[in-house]
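Listed here are the chains, written in short residue letters.
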Amino acid sequence: MAACLHHPLHYHFLSTSPNHLVGTLKSSSNTTKTTTKSRPAPHKLGAQSLRCEQKVGEKRTAVSSGKDSLDICRVLNGMWQTSGGWGQIDRDDAVDAMLRYADAGLSTFDMSNHYGPAEDLYGIFINKVRRERPPDLTKWVPPPVKMTSGYVRDSINVSRKRMDVASLDMLQFHWWDYSNPGYLDALKHLTDLKEEGKIKTVALTNFDTERLQIILENGIPVVSNQVQHSIVDMRPQQRMSEFCQLTGVKLITYGTVMGGLLSEKFLDTNLSIPFAGPSLNTPSLQKYKRMVDAWGGWSLFQVLLQTLKKVASKHGVSIPTVAVRYILDQPSVAGSMIGVRLGLSPHIQDANAVFSLVLDEDDVNSIQEVSKKGKDLLRVIGDCGDEYRRA
């Protein structure tokens, strides 16, 4: 997932169904009824020690907090690519592609109210599978205004209407400015909507460890935090993962294949020579190229790609498949996202190959050896999400 760099109201959703079809966050009708249920007690740190340890081949896992739980596919379909910049999206072709992903068992779709037509596409898609509704995830990234109950409720109702659903499976909340404590008000109102049944689970996106702790101490039942995480960007395995193992909060990762940079397409290329290699012609490629530069530069990145290619050839899979499997095997990671260019560029085969891939000790050691040669991005950028809050 990538957060918007402007201030219009934004949020992200995730959803799933009885036969594991997953879509975007949903909500119900414009009711003014308020909940009478009490908010959960503040989270006790150290009360549990949970890791997302999955057996190879298992496609699904649950993210949960107390009585709140959502079953998701461990490889998620990211829909940032529907927002423009990756090619023209045809509505009918996109919905047909969503159905193919769901039929292949890749049934969790991650979207946002600022991902162009993503929520509208989900509304069309879900009406095609109404009897077997998949789960959905969506995100909410509000502007820095006063977070009143009415404002939060009205915002969520917009997505519920677009997606044509009564209840959002997961709302992933983003906040721009930590100096404004309004994020706690917004999350408390979202928790009230959850108690009313308009949201099934509350989650975060791009929050750092310090703020995650504050949120849990205020009794907000957070099930997951969506963060940027790849072999190049291992920041989540420092402060964030350690804290998640103490609290049971899971991580959902994006940028895991770095917009396609972690692929055969960019192996043995020299981007310093004009027109000598593939163009960085999408917002995600441009974004993650900057991350490569901060980590260690293109030459070191080529060493990483060569290492991943050796591992991929050994197992008969692709570089992106190895990149995703490596992150899925990290502590606290419940799922990793692969961006989908619906109707333009399918990734179903590579995505499904992730579930049967087993990286042995030699594979892991060879990848770690190159990864650790790069700079510590926690020192360069800061904790999870700080790339959106620092110059």
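Quick caveat: nothing in here was measured; it's all calculated off a predicted structure.

So, how was this worked out
- Residues numbered from 1 in each chain as written.
- Predicted model: local features only at pLDDT ≥ 70, side-chain atom pairs only at ≥ 80, totals over all residues.
- Heavy atoms only, no water.
- Buried < 20%, exposed > 50% of the residue type's maximum accessible area, 1.4 Å probe, protein only.
- Helix = DSSP H or I, 4+ residues; strand = E, 2+ residues; numbered from the N terminus.
- Arc of directions from axis to C-beta.
- Contact = heavy atoms within 4.5 Å.
- Pairing = 2+ DSSP bridges.
- Right-handed = clockwise from strand over helix to strand, strands pointing away.
- pLDDT = per-residue confidence, 0-100.
- Axes fitted to C-alpha atoms, helices over the stretch in contact; angles between N-to-C directions.
- Parallel < 35°, antiparallel > 145°, perpendicular 65-115°, else oblique.
- Left-handed = near helix turned anticlockwise from the far one by under 90°.
- Salt bridge = Lys/Arg side-chain N within 4 Å of Asp/Glu carboxyl O.
- Polar contact = N/O pair within 3.5 Å; in protein donor to acceptor, adjacent residues only side chain to side chain.

Focus on helix α5 (residues 209-217)
Line of reasoning, step 1. Looking at α5, one finds that the buried residues are Thr209, Arg211, Leu212, Ile215 and Leu216. Each buried residue of α5 lies within a common arc of 160 degrees when the element is viewed along its axis, so the set occupies one face.
Line of reasoning, step 2. Summarising the contacts, the buried residues of α5 are in contact with α4 (182-196), β8 (199-205), β9 (222-228) and α6 (239-247).
Line of reasoning, step 3. Following α5 by one or two positions, Gly219 adopts a phi angle in the positive range, close to 80 degrees.

Remarks on α6
Line of reasoning, step 1. Within the sequence span of α6, burial applies to Met240, Ser241, Phe243, Cys244, Gln245 and Thr247.
Line of reasoning, step 2. If you follow the buried residues of α6, they end up packed against α5, β9 and β10 (250-254).
Line of reasoning, step 3. At the C-terminal side of α6, Gly248 shows a positive phi close to 90 degrees.

Here's the deal with the pairing of β10
Line of reasoning, step 1. Counting buried residues along β10, 5 of its 5 residues qualify, which places the element largely inside the surrounding structure.
Line of reasoning, step 2. The alternating pattern of β10 places Lys250, Ile252 and Tyr254 on one face and Leu251 and Thr253 on the opposite face, and all of these are buried.
Line of reasoning, step 3. Alignment of β9 against β10, held across 5 bridges, turns out to be parallel. Its bridge partner being in β10, Gln228 is matched across the sheet by Tyr254.
Line of reasoning, step 4. The parallel pair β9 and β10 is bridged by α6, and the resulting crossover is right-handed.
Line of reasoning, step 5. Bridge count for β10 against strand β11 (residues 333-339) is 3 bridges, and the pairing is parallel. Bridge pairing in β11 places Leu251 opposite Val333.

Quick look at the confidence of the model for the protein
Line of reasoning, step 1. Residues at a pLDDT of 70 or more form 79% of the protein, whose mean pLDDT is 82.
Line of reasoning, step 2. Across residues 1-11, confidence stays below pLDDT 50; counting only partners more than four residues off in sequence or on other chains, it has 63 contacts.

With respect to the packing of helix α1 (residues 91-103) against helix α2 (residues 118-128)
Line of reasoning, step 1. It is the contact of α1 with α2, at a shortest axis distance of 10 Å, that shows an interaxial angle of 55 degrees. Taken together, α1 and α2 sit at an angle that is classed as oblique. Read as a crossing pair, α1 and α2 show a hand that is right-handed. Taken together, the residues of α2 that come into contact with α1 (itself represented by Arg91, Ala94, Val95, Met98, Leu99 and Ala102) are Leu121, Tyr122, Ile124, Phe125 and Lys128.

Some details on the pattern of salt bridges
Line of reasoning, step 1. Across all of its chains, the model carries 18 salt bridges by this definition.
Line of reasoning, step 2. Linking Lys67 and Asp68 is a salt bridge whose minimum nitrogen-to-oxygen distance equals 3.7 Å.
Line of reasoning, step 3. In this structure Lys67 comes out as exposed when scored by relative accessible area, which is 66%.
Line of reasoning, step 4. Classification of Asp68 by relative accessible area gives buried; the value is 7%.
Line of reasoning, step 5. With a shortest N-O distance of 3.7 Å, Glu195 and Lys67 are connected by a salt bridge. Here Glu195 is found in helix α4, whereas its partner Lys67 is found in the loop between β2 (60-65) and β3 (68-73), with 128 residues between them in sequence.
Line of reasoning, step 6. Classification of Glu195 as buried rests on a relative accessible area of 14%.

Some words on the environment of Gln330
Line of reasoning, step 1. With respect to the secondary-structure elements, Gln330 resides in the loop between α9 (319-328) and β11.
Line of reasoning, step 2. Sequence separation between Gln330 and Gln237 is 93 residues; the distance between their C-alpha atoms is 7.6 Å.
Line of reasoning, step 3. Not counting the four nearest positions on each side in its chain, Gln330 is found in contact with His229, Met234 and Gln237.
Line of reasoning, step 4. A distance of 3.0 Å separates the side chain of Gln330 from the backbone oxygen of Tyr326, its partner in a polar contact.

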